[in-house]
Amino acid sequence: MKQIKGMILNDFGLKVFSLLSAMVLWFLVTSFNDPITTMQVMNVTVKLQHTNLITDRNEVFSVEDDSDVIPVVTITAPRSIVDNLKADNVIATADVANMQEDGSIPITLTTNIYSREIASIRGSTEFVRLRIEDSSTKTLTLGVDTIGQPAAGYVLGSVSPEQNQIRISGARSLVSSVDQARVTVDITDARDNISTYVEVLLYDNEGDTVASTHLSMNLYSVKVNAEILPTAEVPITWSVNL
C-alpha cells in the first residue's frame, strides 16, 4: 500500500502539470481545428403556441408591429456545427400561456438539430406583443356596382349576386368600422350576359376600404350575373285627324 502511495505522490506536481498541459494542448488543437464562430439568420418567424387560451374566451388577437418576426438571430457554435445549420433549422416559439399583463410573450429560441452543441442563440428582439380584444360578428347586405358601358347597341339589364349576405368576424373595433360590403363588375364593351366571380371589398362609413387581413369572412368572392340586352329601334307612327 505504501509502495502504491509512493508511486502516486512521487513527482506529484510534475504529473499534475503534465495533465493540465495535455488538457490545454487538447483545447488548443480542438479550437484550431474547429473554432467557435457565429452565424446570423434574418427575419425568423415566431410560431405562437396555445392561442386557444385567447379564442376560448371569445376574444381575438393581433400581432403588433410585426413583433412575431425576429430581424436577426445570432448563433454561436463550433464551425463544424455552424457550417451545417440553415435558416430552416432555427425554431422560434412564443407560448400564450406565458403572456404577461401587457400582452407581451417571451420568445424561446432553439434549433431542431445540434441544439446541445450550440454555445448560445439569441434574437435581436425578445418578445411578441399581442393586442387582445373581444370578438364580434356582423352581417351585411352585399351591394353591387358596375364600371364601364356595354358595347354600342347594348344596355345593362339586371345585375345580381348569387349570394347577397356577407358575414364578417374579428376584433370588435375592426368589425364596427365596417359599414358596407360591395362588389364591382366590369361591363366595358360587353355584348353578352356576364357571369363572373368578383372580390368582396369592405368599406367604412366614409367610403374608404377596410383591409380584411385580420377579419374572417364567410365569402371572399361571389358570383355576379349581369344581363346585357341589345337595343332595338321601334318605329313610331301616328296620324292626325282633321
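Reading the values: the criteria
Residues numbered from 1 in each chain as written. Predicted model: local features only at pLDDT ≥ 70, side-chain atom pairs only at ≥ 80, totals over all residues. Heavy atoms only, no water. 1 Å grid on protein atoms, 1.4 Å probe; cavity = no way out; pocket = protein on both sides within 12 Å on 5 of 7 lines; lining within 4 Å. Points joined across faces, edges and corners; volume = space filled by probe spheres on them. Helix = DSSP H or I, 4+ residues; strand = E, 2+ residues; numbered from the N terminus. Nonpolar A, V, L, I, M, F, W, Y, C, P; charged D, E, K, R; others polar. Pairing = 2+ DSSP bridges. Axes fitted to C-alpha atoms, helices over the stretch in contact; angles between N-to-C directions.

Engineer: Mind showing me how you'd approach the layout of surface pockets here?
Structural biologist: Where empty space is left becomes clear once a probe the size of a water molecule has been rolled over the atoms. Within this model, the largest pocket holds a volume of roughly 300 Å³. If you go around the largest pocket, you meet 13 residues; those closest to its centre are F61, S62, A171, L174 and H214. The set of elements that each furnish at least two residues to the lining of the largest pocket consists of β2 (59–63), β8 (127–147), β10 (165–171) and α5 (172–176). When the residues that make up the lining of the largest pocket are grouped by side-chain class, the tally is five nonpolar, six polar and two charged.

Engineer: Can you walk me through the sheet that holds strand β1 (residues 36–49) in this structure?
Structural biologist: Pairing between the strands of a sheet is mediated by backbone hydrogen bonds and can be parallel or antiparallel. The strand order β6-β4-β1-β3-β7 describes an open sheet built from five strands, whose pairing is mixed. A single partner strand is all that each edge strand has here, and the edge strands are β6 (108–111) and β7 (120–123). Along the sheet, successive strands turn relative to each other by an average axial angle of 30 degrees, direction set aside. In this sheet, strand β3 (residues 69–78) lies alongside β1 in antiparallel orientation, the contact comprising nine bridges. Its bridge partner lying in β3, I36 is registered against P78.

Geometric values such as these leave the question of function open.
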